[in-house]
Amino acid sequence: ATGMTFGGVLTIISNIIFGDSFKGEVGLDGYKKTAFNMLYLGLAMMTSVIVGAFFIDRAKYRQLAEWKKGYLKAILRQDVGWYDVNKPEELSSRMGESLVLIEKGLGGPCWVAWQSVGMGFAGLAVAFAYLWDLALVIMALSPVLVISMGMMVSAQSASAKATMAAYGEAGGQSSE
């Protein structure tokens, strides 16, 4: 997570360096200096993102393995009557759908979230350094964005649950 956050901070720094490169020296020396700065920054970003991605993927696969063990253990612990009430033929398709959703949730969005945290904090620091009054206006409007994003995520979550239930039932009927 730290590597991804650092990658986000470096993204903001690269924007500043690239933007400031047109204000300074003009000519071959200025372009060389900017090119080498961007090269070093790009290498640092690549390294931090690769290290962050490695550890996030490692944590994701460990969590998936624990989830599989726990799910199987919970199913095997049930009484015989539980299988009469619940449809055991739907269990495999429900487990598969759940694993896909968990893997999607722990994969790309996790990377993007940590990178966005780094970019957000670095962006706020730069905003307060350059135009503090505009930064205050942006911070005042950010709760509106957070609330609307929360509403969108809850709608997607409800849709995913309904889809998972439908696929579980369809998987049970097809296995019969």
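This write-up is about the structure you can find in this document. None of the values given here were measured: they were computed from a predicted structure. (Residues numbered from 1 in each chain as written. Predicted model: local features only at pLDDT ≥ 70, side-chain atom pairs only at ≥ 80, totals over all residues. Heavy atoms only, no water.)

It is worth spelling out helix 2 (residues 28-76) at this point. Owing to its 3.6 residues per turn, the α-helix brings residues three or four apart onto one side. Spanning 49 residues, helix 2 covers 71 Å between terminal C-alpha atoms, matching the ideal 72 Å at 1.5 Å per step. Those residues of helix 2 that sit buried are G30, T34, L41, S48, G52, A53, I56, K60, L64 and I75. (Helix = DSSP H or I, 4+ residues; strand = E, 2+ residues; numbered from the N terminus. Expected span 1.5 Å × (residues − 1). Buried < 20%, exposed > 50% of the residue type's maximum accessible area, 1.4 Å probe, protein only.)

Okay, a nonpolar patch on the surface next. A cluster of nonpolar residues, F36, L39, Y40, L43, M46 and I50, forms a patch on the protein surface that exposes about 620 Å² of accessible area. Considering the arrangement of structural elements, one finds L39 in helix 2. Accessibility expressed as a relative area gives 43% for L39, which makes it partly exposed. (Patch = residues over 30% accessible without salt bridge, like charges linked within 9 Å, V, L, I, M, F, W, Y side chains within 5 Å. Areas by Shrake-Rupley, 256 points an atom, 1.4 Å probe, with all protein chains shown as cover. Salt bridge = Lys/Arg side-chain N within 4 Å of Asp/Glu carboxyl O.)

Take the side chain of K60 next. Among the secondary structure elements, K60 is positioned in helix 2. In this view, K60 contacts E103, L106 and G107; residues no more than four positions away in its chain are not counted. (Contact = heavy atoms within 4.5 Å.)

Our next topic: the packing of aromatic side chains. Taken as a whole, this structure holds three aromatic pairs when the rule is applied. Note on F54 and F55: the rings are 5.0 Å apart at their centroids and 75° apart in plane angle, and the pair reads as edge-to-face. Given a relative accessible area of 44%, F55 falls into the partly exposed group. Between W67 and Y71, the ring centres sit 5.1 Å apart and the planes meet at 15°, which makes this aromatic pair stacked. Of this pair, W67 and Y71 are both found in helix 2, four residues apart, which corresponds to roughly one turn of the helix. (Phe/Tyr/Trp six-rings, centres within 6.5 Å; stacked < 30°, edge-to-face > 60°.)

This next bit is on the environment of M38. Checked against the element boundaries, M38 lands in helix 2. The spatial distance from the C-alpha of M38 to the C-alpha of F18 is 7.6 Å, given a sequence separation of 20 residues.

Our focus in this paragraph is the environment of L41. By the element assignment, L41 lies in helix 2. L41 sits in the buried class, given a relative accessible area of 12%. On a C-alpha basis, the gap between L41 and I13 in space is 8.4 Å, while along the polypeptide they are 28 residues apart.

As a further point, take the side chain of S48. Along the chain, the position of S48 falls in helix 2. A relative accessible area of 8% means that S48 is categorised as buried. Excluding anything up to four places from it in sequence, S48 contacts G3, M4, F6, G7 and L10.

The topology assignment puts L136 in helix 6 (residues 132-175). With a relative accessible area of 44%, L136 lands in the partly exposed category. Between the alpha carbons of L136 and L124 there is a distance of 9.5 Å; along the sequence they are twelve residues apart.

These figures capture arrangement, not role.
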